[in-house]
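Summary of the model geometry
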Amino acid sequence: MRQGLRAFLNTTADIAVVGEASDGPAALAAISLHAPDIALIDVSMPGMSGVEVTQAVAKNHPETAVLILSMLDDTSVVAEALQAGARGYVLKDSDGEDLVRAIRCIAAGGNRVFGPGTPDPAMIASEDDPEPLTLREREIVAHVASGLTSREIAQLLGIGIRTIETHRANIMRKLHLRTVAELALYAVHRGLLRQR
């Protein structure tokens, strides 16, 4: 997979691959050696998890932005990676253009989650933008992003599962989001994430 990624990225004029690694410790060594602008880190690696590598990069190499690559479209994994300091999260089943857009977005100072069907990388609303969600919707976003299921949220809030599902659909529509990974990024960006 690394060879395929390297070959693909090297065909893009404004992107140069300066190093690669097969595990977490080797990734940290390569980042120390090459000081890349962006490190593309797999969330599941031998030796250290992608989240552990991200934390180490954020602490020791803050000039390097981390872009996580993962098969998991799971809000708790996305939120954990973003809280560790990742600037973005790309799903492995995204197409190559999504990955290139993510790299360019992060290189320009943005934060973004990309997946199949993800719209163009308009930035997540800034903290100064008005909040489009109601208090109840914000509460539901916080619970979804922390990894709770609709059933668990319904039990916690004392309302029906269908009501939760309706709120979730409205939230995704209002925010123009398509994946739970994007919803997790929104929750982290807005400070809505709750620990389970």
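From a predicted model like this one, the values you see are computed outputs, not experimental measurements.

1. Brief notes about the overall build of the protein
When its secondary structure is counted, the protein shows 9 helices and 4 strands. Put simply, the protein runs from its N terminus to its C terminus through helices and strands in the order α-α-β-α-β-α-β-α-β-α-α-α-α. Here the protein, with 196 residues, has 44% of them falling under the buried criterion. For the protein, restricting intrachain contacts to residue pairs at least 6 apart in sequence, the fraction spanning at least 24 positions comes to 56%. Entry remark: accessible area of the protein is about 9,900 Å², with carbon and sulfur atoms responsible for 51%.

2. A look at the environment of I140
Its place among the elements puts I140 in helix α6 (residues 135–145). Accessibility expressed as a relative area gives 0% for I140, which makes it buried. Excluding its chain neighbours within four sequence positions, the residues that come into contact with I140 are I153, L157, I164, H167, R168 and I171.

3. Focus on the nonpolar core
The biggest cluster of nonpolar side chains holds 26 residues, and the ones touching the most others in it are I41, V53, I68 and Y89. Put simply, the parts of the chain that give this core at least two residues each are α2 (24–34), β1 (38–42), α3 (50–60), β2 (65–70), α4 (75–84), β3 (88–91) and α9 (180–189). The element contributing the most residues to this core is α4, with 6 residues. Apart from the residues lying within four places of it in its own chain, the contact partners of V53 are G24, A27, L28, I41, M45 and M48.

4. Some words on the pattern of salt bridges
A complete count under the given rule lists 7 salt bridges for this structure. Two residues, E20 and R6, come together in a salt bridge whose shortest N-O distance is 2.1 Å. Of the two residues, E20 is situated in the loop between α1 (2–10) and α2 and R6 in helix α1; the sequence distance between them amounts to 14 residues. When the shortest N-O distance is used, the salt bridge between R104 and D14 registers 2.9 Å. Within this pair, whereas R104 is found in helix α5 (residues 96–107), its partner D14 is found in the loop between α1 and α2, the two being separated by 90 residues in sequence. Looking at R104, the relative accessible area reads 39%, which means it is partly exposed. Several salt bridges converge on common partners, so that one network encompasses R2, R6 and E20.

5. Here we look at unusual backbone geometry
One non-glycine residue, A35, adopts positive backbone phi at about 45°. Within the secondary structure, A35 is located in the loop between α2 and β1. Its relative accessible area of 43% is what places A35 among the partly exposed residues.

6. Side note on the confidence of the model for the protein
For the protein, the average pLDDT comes to 83, and 88% of its residues sit at 70 or higher. A low-confidence stretch, residues 117–128 stays under pLDDT 50, and its non-local contacts, those more than four residues away or across chains, total 33 contacts.

7. So, the packing of α4 against α9
Closest axis-to-axis distance for the α4/α9 pair is 8 Å, and the angle between their directions is 40°. Regarding the angle of α4 to α9, the classification is oblique. Taken as a pair, α4 and α9 cross one another with a handedness that is right-handed. Across from T75, V78, A79, L82 and Q83 in α4, the residues of α9 making contact are V180, A181, A184, L185 and V188. By residue class, the composition of the contact of α4 with α9 is 8 nonpolar, 2 polar and no charged.

8. Describing the packing of helix α8 (residues 161–175) against α9
Here α8 crosses α9 at 75°, and the two axes come no closer than 11 Å. In this view, α8 runs roughly perpendicular relative to α9, as classed from their interaxial angle. Along the contact surface, α8 presents R168, I171, M172 and L175, while α9 presents V180, L183 and Y186. For the contact of α8 with α9, the residue count by class is 6 nonpolar, no polar and 1 charged.

What counts and what doesn't
- Residues numbered from 1 in each chain as written.
- Predicted model: local features only at pLDDT ≥ 70, side-chain atom pairs only at ≥ 80, totals over all residues.
- Heavy atoms only, no water.
- Helix = DSSP H or I, 4+ residues; strand = E, 2+ residues; numbered from the N terminus.
- Buried < 20%, exposed > 50% of the residue type's maximum accessible area, 1.4 Å probe, protein only.
- Contact = heavy atoms within 4.5 Å.
- Areas by Shrake-Rupley, 256 points an atom, 1.4 Å probe, with all protein chains shown as cover.
- Core = buried A, V, L, I, M, F, W, Y, C linked by side-chain atoms within 4.5 Å.
- Salt bridge = Lys/Arg side-chain N within 4 Å of Asp/Glu carboxyl O.
- pLDDT = per-residue confidence, 0-100.
- Axes fitted to C-alpha atoms, helices over the stretch in contact; angles between N-to-C directions.
- Parallel < 35°, antiparallel > 145°, perpendicular 65-115°, else oblique.
- Left-handed = near helix turned anticlockwise from the far one by under 90°.
- Nonpolar A, V, L, I, M, F, W, Y, C, P; charged D, E, K, R; others polar.

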